[in-house]
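# Structure assessment
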Amino acid sequence: MRTDQDRVDVRGVVSFVAIAYAPAWLLTLPLWLTGQGLTWVWSPAVLVLMMFMPAVAAYVVDKWISPRPRPLRYEGVTNDGGVRRWWRYGVLAWLGAPVAMVLALLVGSLLGVYQADWTGFSGLAQQQVVVGEAETTSPGSLAMAEIGKLFLFGWLNVIPAFGTEWGWRGYLSRALLPLGQPGMFVTTGVLWGLWHTPLLVLGYNYPTAPVVAAVLMMVGYCTLLGVLLGWLRLASESVWPAAIAHGFVNASAALPIVFGAAGHPITGISEGLLGWSGWIVLGLLILVLTMVNKLPVRLDTDGSGISQGVRRRSRR
């Protein structure tokens, strides 16, 4: 993949951020006006629509605001070779996301911030009581069913995740490459994390945390996860592996409940990939990619660094 610019297209990037943010934040208004927040019956539809706003922003910017030839190719929606070019990264994303979540739960358990019931699945059984399934189905069967649904029906999560990744990794990561890959990863991650602010105020992901803490934690999480998603996007020259990984990270959010112990609610602050114990796993994965020379990603051309007049060799 080639970087065809030496400096950030400021007009395009600012326009992208404005279009990705404004409609998405406006979509949360019914959650506030109804007074029901995330419990509103239509809130899942609102969340899905929000996830497509970065895709809309990318399309509008590359089509009309800062038009470029073959925008879909630039954004990684299409690529030379099609699926054959990136399918290995797609498989890694599909299987790797749940494995990363399990590793995060293991780290949390070892650190004492996640109370696990690895074989009894008592937390899952406790949750199923409210829907009447626990009386007729064993906890083990319930757990196997949940894990099976994750790997199969988790593909449905890839659809809205693609809307998000088309924007953040497809357009913005590519547009910010002149900053150098570290600068691009951090900037994209911070903007992606702050984009969630209206939902975080309503208790999304970190329902028991103060709002400021929730926002800071989301920014940290999105920055770390964004490095791995950005690596998938750059290394595969396609946005699809990043979308698959994002979709299955979201689907894996059920695993803390599956393996949790009864009587210990999940807060998101300490456990799972969202929690600080999970950040250790994300950080280690980034470290491994760096140690095996997969990060920064080697690209086909030179790109300017974050300092004026400095040119740095991009890596693949």
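Analysis parameters
Residues numbered from 1 in each chain as written. Predicted model: local features only at pLDDT ≥ 70, side-chain atom pairs only at ≥ 80, totals over all residues. Heavy atoms only, no water. 1 Å grid on protein atoms, 1.4 Å probe; cavity = no way out; pocket = protein on both sides within 12 Å on 5 of 7 lines; lining within 4 Å. Points joined across faces, edges and corners; volume = space filled by probe spheres on them. Nonpolar A, V, L, I, M, F, W, Y, C, P; charged D, E, K, R; others polar. Core = buried A, V, L, I, M, F, W, Y, C linked by side-chain atoms within 4.5 Å. Buried < 20%, exposed > 50% of the residue type's maximum accessible area, 1.4 Å probe, protein only. Contact = heavy atoms within 4.5 Å. Phe/Tyr/Trp six-rings, centres within 6.5 Å; stacked < 30°, edge-to-face > 60°. Helix = DSSP H or I, 4+ residues; strand = E, 2+ residues; numbered from the N terminus. Axes fitted to C-alpha atoms, helices over the stretch in contact; angles between N-to-C directions. Parallel < 35°, antiparallel > 145°, perpendicular 65-115°, else oblique. Expected span 1.5 Å × (residues − 1). pLDDT = per-residue confidence, 0-100. Polar contact = N/O pair within 3.5 Å; in protein donor to acceptor, adjacent residues only side chain to side chain.

In this structure, the largest pocket spans a volume of roughly 730 Å³. Along the lines of polarity and charge, the residues of the lining of the largest pocket split into 21 nonpolar, nine polar and one charged.

Formed by 83 residues in total, the largest nonpolar core has its most connected members in Phe16, Trp168, Tyr171, Tyr206, Tyr221, Leu273 and Leu295. Those residues in contact with tryptophan 168, other than ones at most four positions away along the chain, are Phe16, Ala20, Tyr21, Pro54, Ser173, Thr188, Leu191, Trp192 and Trp195.

What follows is about the packing of aromatic side chains. Per the counting criterion, the structure on display carries 14 aromatic pairs. Measuring from centroid to centroid gives 6.4 Å for tyrosine 114 and tryptophan 118, while their planes differ by 65°, and the two rings are edge-to-face. Plain terms: the ring middles of tryptophan 168 and tryptophan 195 are 6.3 Å apart, the flat faces sit at 75° to each other, and that makes the pair edge-to-face. Of this pair, tryptophan 168 sits in helix 8 (residues 155-175) while tryptophan 195 sits in the loop between helix 9 (181-194) and helix 10 (197-201); the two residues are 27 residues apart in sequence, bridging distant segments of the chain. With relative accessibility at 0%, the residue tryptophan 168 sits in the buried group.

A few words on the packing of helix 7 (residues 139-153) against helix 8. The description of two helices packed together rests on the angle between their axes and the distance between the axes. Viewed as axis vectors pointing N to C, helix 7 and helix 8 meet at an angle of 45°, and their least axial separation amounts to 5 Å. Taken together, the axis directions place helix 7 and helix 8 in an arrangement best described as oblique. Contacts from Phe151, Leu152 and Phe153 in helix 7 reach Trp155, Leu156 and Asn157 in helix 8. Taken together, the residues of the contact of helix 7 with helix 8 break down into five nonpolar, one polar and no charged.

The subject of this paragraph is the environment of arginine 84. Topologically, arginine 84 is positioned in helix 5 (residues 83-111). Residue classification places arginine 84 among the exposed positions, given a relative accessible area of 70%. In sequence terms arginine 84 and leucine 103 are 19 residues apart; their C-alpha atoms lie 29 Å from each other.

Now for helix 14 (residues 276-291). Taking 1.5 Å as the rise per residue, helix 14 with 16 residues should run 22 Å; its terminal C-alpha atoms sit 23 Å apart, in good agreement. All of the buried residues along helix 14 are Ser277, Gly278, Val281, Leu282, Ile286 and Leu289. Structurally, helix 14 contributes buried residues whose contacts are with helix 5 and helix 11 (211-236).

Of the residues in the protein, 91% have a pLDDT of 70 or more, and the chain-wide mean is 92. Segment residues 302-316: pLDDT under 50, and 49 contacts once partners within four positions in sequence are set aside and those in other chains are kept.

Turning our attention to the environment of alanine 116. Within the secondary structure, alanine 116 sits in the loop between helix 5 and helix 6 (122-128). Of the residues examined, alanine 116 reaches a relative accessible area of 27% and is grouped as partly exposed.

Here the focus is the side chain of serine 252. Along the chain, serine 252 turns up in the loop between helix 12 (240-251) and helix 13 (255-258). Serine 252 gets classed as buried once you look at its relative accessible area, which sits at 0%. In this structure the side chain of serine 252 is engaged in a polar contact, spanning 2.6 Å, whose partner is the backbone oxygen of phenylalanine 248. Setting aside anything within four residues of it in sequence, one finds serine 252 in contact with Ala97, Pro98, Met101 and Leu150.

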